[in-house]
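Here's the letter readout for the chains.
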Amino acid sequence: MSSVSYHISNLLEKMTSADKDFRFMATNDLMLELQKDSIKLDEDSERKVVIMLLKLLEDKNGEVQNLAVKCLAPLVSKVKEPQVETMVDTLCSNMTSDKEQLRDISSMGLKTVIAELPLSSSGLTLTVSVCKKITSQLIGAMGKQDDVSVQLEALDILSDMLGRLSGALVSFHGSLLSSLLPQLTSPRMAVRKRSILALGHLVPCCSPALFSQLTEHLLTELSKGPPTSNTRTYIQCLATVSRQGGHRVGEHLEKLIPMVVKFTGVEDDELREYCFQAFEAFIRRCPKEMSPHVATVTQLCLKFMTFDPNYNYDDTEEEEDSMDIEDGLDEESDDEYSDDDDMSWKVRRSSIKCLEALISTRRDLLLSFYSSICPTLLTRFKEREENVRADVFAAFSTLLRQTRVGSSHHGLILAGSDAGACREEEPAVTLLKKQVPAIVKAIHRQLKEKSIKSRQGCFCLLTELAHTVPGALEEHIPALIPGIVFSLTDKSTSSTMRIDALTFFHVLLLSHPPQAFQPHMQVLLPPVVACVEDTFYKITSEALLVTQQLVRVIRPQGQAAAAGGFDPKPFVREAFSVTMKRLKATDIDQEVKERAISCMGHMVCHLGDHLGAELQGVLAIFLERLKNEITRLTAVRTITLISASPLKTDLTSILPEALSVLGSFLRKNQRALKLGTLACLTALVTHHAASIKPAALEPVLSELPALVDETDMHVSQVSITLLTCMAKACPSSLAKISSSVLPGVFRLVHSPLLQGGALVAIVDFLQALVLSKTSNLGYSQLLKSLTEPFHSPQSPADGSVIHRQSYHSVARCVAALSSASPKETPSTVAGLIQEVKSPGSPEPARVLALLCLGEVGRSGSLGGSKEVQGVILDAFTSTSEEVKTAASCALGSMAVGSLKDYLPFLLKEISAQPRRQYLLLHSLKEVISACPASSLSPHVESIWALLFQNCECQEEGTRNLVAECLGKLTLGNPAQLLPRLKQQLKAGSPLARSTVVTAIKFTIVDHPALIDSLLKDCIGDFLKTLQDEDINVRRVALVMFNSAAHNKPSLIRGLLGAVLPHLYKETQIRKDLIREVEMGPFKHTVDDGLDVRKAAFECMYTLLDSCLEGLDVLQFLDHVEEGLKDHYDIRMLTFLMLARLVSLCPAAVLQRLDRLVEPLKATCTTKVKAGSVKQEFEKQEELRRSAMRAVAALLAVPEVERSPSMADFANQIRSNADMASIYQSVQGGEGGGPTESMDMS
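The rules behind each value
Residues numbered from 1 in each chain as written. Predicted model: local features only at pLDDT ≥ 70, side-chain atom pairs only at ≥ 80, totals over all residues. Heavy atoms only, no water. Helix = DSSP H or I, 4+ residues; strand = E, 2+ residues; numbered from the N terminus. Buried < 20%, exposed > 50% of the residue type's maximum accessible area, 1.4 Å probe, protein only. Areas by Shrake-Rupley, 256 points an atom, 1.4 Å probe, with all protein chains shown as cover. Lys, Arg positive; Asp, Glu negative; His and termini not counted. Charge placed at Lys NZ, Arg CZ, Asp CG, Glu CD. Phe/Tyr/Trp six-rings, centres within 6.5 Å; stacked < 30°, edge-to-face > 60°. Lys NZ or Arg CZ within 6 Å of the ring centre and 35° of its normal. Pairing = 2+ DSSP bridges. Salt bridge = Lys/Arg side-chain N within 4 Å of Asp/Glu carboxyl O. Contact = heavy atoms within 4.5 Å. Axes fitted to C-alpha atoms, helices over the stretch in contact; angles between N-to-C directions. Parallel < 35°, antiparallel > 145°, perpendicular 65-115°, else oblique. Left-handed = near helix turned anticlockwise from the far one by under 90°. Expected span 1.5 Å × (residues − 1). Polar contact = N/O pair within 3.5 Å; in protein donor to acceptor, adjacent residues only side chain to side chain. Disulfide = S-S within 2.5 Å. Nonpolar A, V, L, I, M, F, W, Y, C, P; charged D, E, K, R; others polar. Core = buried A, V, L, I, M, F, W, Y, C linked by side-chain atoms within 4.5 Å. pLDDT = per-residue confidence, 0-100.

Draft legend 1. The arrangement of the overall build of the protein chain in detail. Regarding its fold elements, the protein chain presents 62 helices and 2 strands. Overall, the C-alpha framework of the protein chain stretches about 110 × 95 × 75 Å when taken along its three principal axes. Evaluated residue by residue, the protein chain yields a buried proportion of 53% over its 1241 residues. For the protein chain, the exposed area adds up to about 53,400 Å²; of that, 53% sits on carbon and sulfur atoms. Across the protein chain, the 130 positively charged side chains and the 148 negatively charged ones have centroids separated by 5 Å.

Written out as structure tokens, the structure is:
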């Protein structure tokens, strides 16, 4: 300890030296000492150090002064409170000194101290007392009207302090406000500006009363009609207050808006600019409260965005050449007035920015924007002021982006494909399409402008347009091409400009059919080729992408040279030589290498027959690139492309070597490379089998067993697809397969994880294997391997228990084998029937045999065998649940195979056997799901009648099955059956109503269906059941609504206004549904309303993703807030919702922050009572983690810690080890909140 004091006193002594270098070095050493965490000073040293540093602030040498200021930062946290106060006192009194240098250095010192004051709860007392000192001194300094620089420094420090420590200054807010307001009328503009900034920092944390006082003051002053310069300041202050205080301005808008509107009429450009900035702040911060004023503000914006009193936009100039106009304009403006005096552009720019804010916050008004804003924006494309024009383009791009967000198909859909055709078009997209000619006409002239900024704006806008309505620019391509070519060839163009032009051209080529570009190839290819030659790698790489698309244009896939009518010959040489040059180069950027390989691959694929002798050289380079680790993945993809080309390129020169290299890639760890290689091998085997010797495939086959494994189903699937291709194309190569790959395939069939694509691949492979007749494995051997595990006894000890999924997988494979060998089918079926009947067969074998019968029957190969029916009915009487379920599956599958034989039998059984109803209904569901509507139509009436007899069954499981059958039946014939379902709503009992509503849930599927348009018209009637008096009907109505919101939001978007009040009503806890149940000596409360509330909150969560723009987020948050205090399940849901809301609309969450923090805090700090059961601990732990995820999401929002309650909570988390560790784990290990999503199945 003493050694530290000694060392420090030594340094202090040197600081008094007459030599400035000694003073400098000693101060520097002191700073290094103070920065060490371990240093501890005794009281005497503290005092001496502080006095010394404060003295050095007045040093004659500037460098020593600066170092002394830097020392203050680490000192704040090292010394006790009285010393910090001494520092602050001295600094504050220096602030008002006459020496300017001392004032400057002291204000730097104060800022340093403020930046270092502790925020944590432990150091809060220090912070508060220091702030009090500084604030009272600063308020005094601000009052000194005689010296402006003192005022400016004081305001600057205040802003810093309010920005960082506003919460600690609560007691001073009132006096600060009253001393800041008079500064707004200061004769010095700089003082006014800094006062506005300080007020901006004060606003987020001040009390509502003070906020009202501030707005009232501004209103009163404005209503007095002050001189224009003061009005500007007040309006500017309003805009800042609105930006910083956000939602708080909402309640004062009614009075503010008319006032600001009035001032837009004053002939003063800067004042108007500030008015529109205020409007923009209102729109962004309080979109809901602005609703009544949107029309007024829009009118003003439209009026002033064309406000250009000093310039005459002559309409005739459309016809002339734009270049001449520019020259004329320059001469004319020299004579008349100087552009520097003209501030009208500021008014235009601010009104356009205001419109952009409107477009980006109010998606719900999109359609009206197309009629009101869009035409005027288009006329402003001719704006003469470059900066304003850039804003016009930005606003229009925002309009396009908003349109794209709403339209159902994202990304590029190649024009002419029917993917977009079957969906109904969004109304906004239709309106946009009508505007396309006008947009192109307005942009067409800008693309030839000298101004780079304008052209970049145009290209960004056109790129958005091509993304939003793919194919819409087709007839305008001739008008756009000169602009693209100009930007690519113009000598003065910057590289970013070229990159933008190429990016747009690439999007244009992707989103429009090749025929549109073919006539212009002469003009288009040379500038792109020149860009490939460019020295800047980014331009080269973009140009190669474009060249790759142009190759597609020269000869689209699948057109013979003559049939297309377009001759590619003249263009091949030019494109080939530059790409070849880039392909050969090895000393170029990685991205260029990859794109050159890819581009050349497309050339070989589309134009290989035009390359003649060059082709073999190109293939040799591809083989080289395949062996290089950096380019191998791109080369693999390129060879895949070439091998599948319809030109049947001759690959014999590289095949043997390529196959062995590709085989080695299957050993690599890189998953993308494995998958790419398997796809490449599949393409080679499929298209070039004739040139492949069986021996060449051996290195590949030896790698495959390791890849067929349940740990990566997708790789397994692709590997098995490759085997299938081998079995079809070169069967002799599979001779040794039985010992290598097959055991893996069978392991996969018996795996519980097998489903979907991988199962289909295995089924195809087994069929191909039987048909190829190569290996010594015949039908019977394969059948035996498949069914073997089901006959051996199972013991859980060695993990040989068979999973339910594997029964179905094996049954599918058995059916596939039997359909590949029809001769064997009868004997197989007889064997299976025997298996089911024989009393000695183990249960798994019987279950499997039933399922196999079903799958074989699905193809209709059983006919209406009476014996099979008997076997199934016998199985229904079995004691084993598994056997019964298998029988019901089998019966359903057989009925799909031959309706006329089995369906009447099935319906008769359902009526006759009430005890087996559930199983038989399962069979019926299978039939309805799998049969096409046309084949079912003769039976619809009888099925319908039967289902309605059972729709009031007491068993909920049975009712749900009936509902699913009804729903799926209605999907097949909506025009007839949907009105009948609607009829049933009025007729039935509560149970019948709940069945009908659940049936509607099953008619809502996640892909386009015939029923959609009919359902849209009548779903409102079904949603009226949300007001049903029966609680169960309300619950199923909510589940149905959730399904609609999740799978087809378009059905319910228009009904949100009517539905939401009833939805929100269901989120409330109802005391009349809570009852007490006695369980022995204990009393237990049961909440019958919990399920309904849970369903309601689930709907709310879904609406966040699918219909956010239809929600009033603040009202929504009221109910989330209630949910945060509800039952465990609902709290879990609302924490997820909160995290989601933070990422979707942070502004709204910040408005309600203080009310949301409390329940989060309560959950995070709750402790479970000692002695509780393990489940209770786990539940509470999960709740805390979930709450902490929401907190982590909140803390990611930049402005969140301005709220005193949130800042306090954040400190509490940091200082409490338990909470801090949960916070860390949530942030690190499991992704912060917003990415978590709920399982909505």
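Draft legend 2. Highlighting the packing of aromatic side chains. Applying the stated criterion to the full structure yields 9 aromatic pairs. Members of the aromatic cluster, joined through ring pairs, are F276, F279, F304 and F307. Here the basic side chain of R272 rests over the ring of F307, its NZ or CZ set 4.9 Å away from the ring centre. Stacked on the ring of F1002, the Lys or Arg K1001 has its end atom at 5.0 Å from the ring centre.

Draft legend 3. Broad picture of the environment of S291. Its place among the elements puts S291 in the loop between helix 15 (287-290) and helix 16 (294-304). Taking the relative accessible area as the measure of exposure, S291 reaches 32% and is therefore partly exposed. Between the C-alpha atom of S291 and that of R362, which follows or precedes it by 71 residues, the distance is 9.2 Å.

Draft legend 4. Structural context of the pairing of strand 1 (residues 1074-1079). With 6 bridges joining them, strand 1 and strand 2 (residues 1082-1087) adopt antiparallel strand pairing. Within strand 2, the position partnered with E1076 by the bridge is T1085. Taken together, strand 1 and the strand that follows it, strand 2, pair antiparallel across an intervening segment of 2 residues, in which G1080 is found at a positive phi of about 60 degrees.

Draft legend 5. Structural detail: the pattern of salt bridges. Considering all chains together, one arrives at 55 salt bridges under this definition. Between K627 and E657 there is a salt bridge, with its nearest N and O atoms 2.3 Å apart. Of this pair, K627 sits in helix 30 (residues 614-627) while E657 is found in helix 32 (residues 655-665), placing the two residues 30 residues apart along the sequence. Relative accessible area serves as the criterion here: at 42%, K627 is assigned to the partly exposed category. Residue E657 is classed as partly exposed on the basis of its relative accessible area of 38%. Here the residues in one salt-bridge network are D308, R348, R380, E383 and R384, joined through shared partners.

Draft legend 6. Focus on helix 16. What helix 16 keeps buried is the set V294, V297, T298, L300, C301, L302 and F304. Against helix 13 (253-263), helix 14 (269-285), helix 15, helix 18 (344-361) and helix 19 (366-379) lie the buried residues of helix 16.

Draft legend 7. The packing of helix 49 (residues 956-972) against helix 50 (residues 974-987), seen in detail. Running from N to C, helix 49 and helix 50 cross one another at 140 degrees; their axes reach a closest spacing of 6 Å. One way to sum up the angle between helix 49 and helix 50 is to call them oblique. Here the hand of the crossing between helix 49 and helix 50 comes out left-handed. The segment helix 49 lies against helix 50, with L969, T970, L971 and G972 engaging P974, L977, L978 and L981.

Draft legend 8. Here's a closer look at the environment of I630. Within the fold, I630 resides in the loop between helix 30 and helix 31 (632-643). Owing to a relative accessible area of 48%, I630 belongs among the partly exposed residues under this scheme. The spatial distance from the C-alpha of I630 to the C-alpha of P1049 is 45 Å, given a sequence separation of 419 residues. In this structure, I630 is in contact with Q590 and E594, ignoring residues within four places of it in sequence.

Draft legend 9. Representation of helix 14 in the model. Look at helix 14: 24 Å from first C-alpha to last across 17 residues, which is about the 24 Å you get at 1.5 Å a residue. In terms of residue burial, helix 14 counts as a mostly covered element, since 13 of its 17 residues are buried. Taking the backbone nitrogen of E270 as reference, a side-chain oxygen 3.3 Å away marks D268 as the first, capping residue of helix 14.

Draft legend 10. A look at the state of the cysteines. Taken as a whole and assessed by the stated rule, the structure comprises 0 disulfides. There is no disulfide at C92, and the cysteine sulfur nearest it, in C131, is 11 Å away.

Draft legend 11. Structural detail: the packing of helix 39 (residues 779-791) against helix 40 (residues 804-820). Interaxial distance between helix 39 and helix 40 falls to 10 Å at its minimum, and their mutual angle equals 165 degrees. With respect to helix 40, the element helix 39 is oriented roughly antiparallel. Read as a crossing pair, helix 39 and helix 40 show a hand that is left-handed. Taking contact as the criterion, the partners of Y779, L782, L783, L786, T787 and F790 in helix 39 are, on helix 40, S806, Y807, V810, C813, V814, L817 and S818. Tallied by class, residues from the contact of helix 39 with helix 40 come to 10 nonpolar, 3 polar and no charged.

Draft legend 12. Structural detail: the environment of K784. You can see K784 is positioned in helix 39. Using a relative accessible area of 54% as the deciding quantity, one classes K784 as exposed. Remark: the alpha-carbon pair of K784 and V814, spanning 30 residues in sequence, is separated by 9.9 Å.

Draft legend 13. View of the side chain of Q446. For Q446, the position within the fold is in helix 21 (residues 427-446). Q446 sits in the buried class, given a relative accessible area of 2%.

Draft legend 14. Spotlight on the nonpolar core. Membership of the largest hydrophobic core comes to 416 residues, with the highest contact counts inside it found for F282, F396, F505, L626, L924, I1052 and L1103. If we skip the residues at most four places from it in the chain, L924 touches L903, L906, L907, I910, I943, L947 and C965.

Draft legend 15. Region of interest: unusual backbone geometry. In this structure, K648 takes a positive phi of about 50 degrees despite not being glycine. Examined against the element boundaries, K648 turns out to sit in the loop between helix 31 and helix 32.

Draft legend 16. Region of interest: the confidence of the model for the protein chain. When pLDDT is averaged along the protein chain, the result is 82, and 92% of the positions lie at 70 or above. Counting interchain partners and residues more than four positions distant, the pLDDT-below-50 stretch residues 1230-1241 has 25 contacts.

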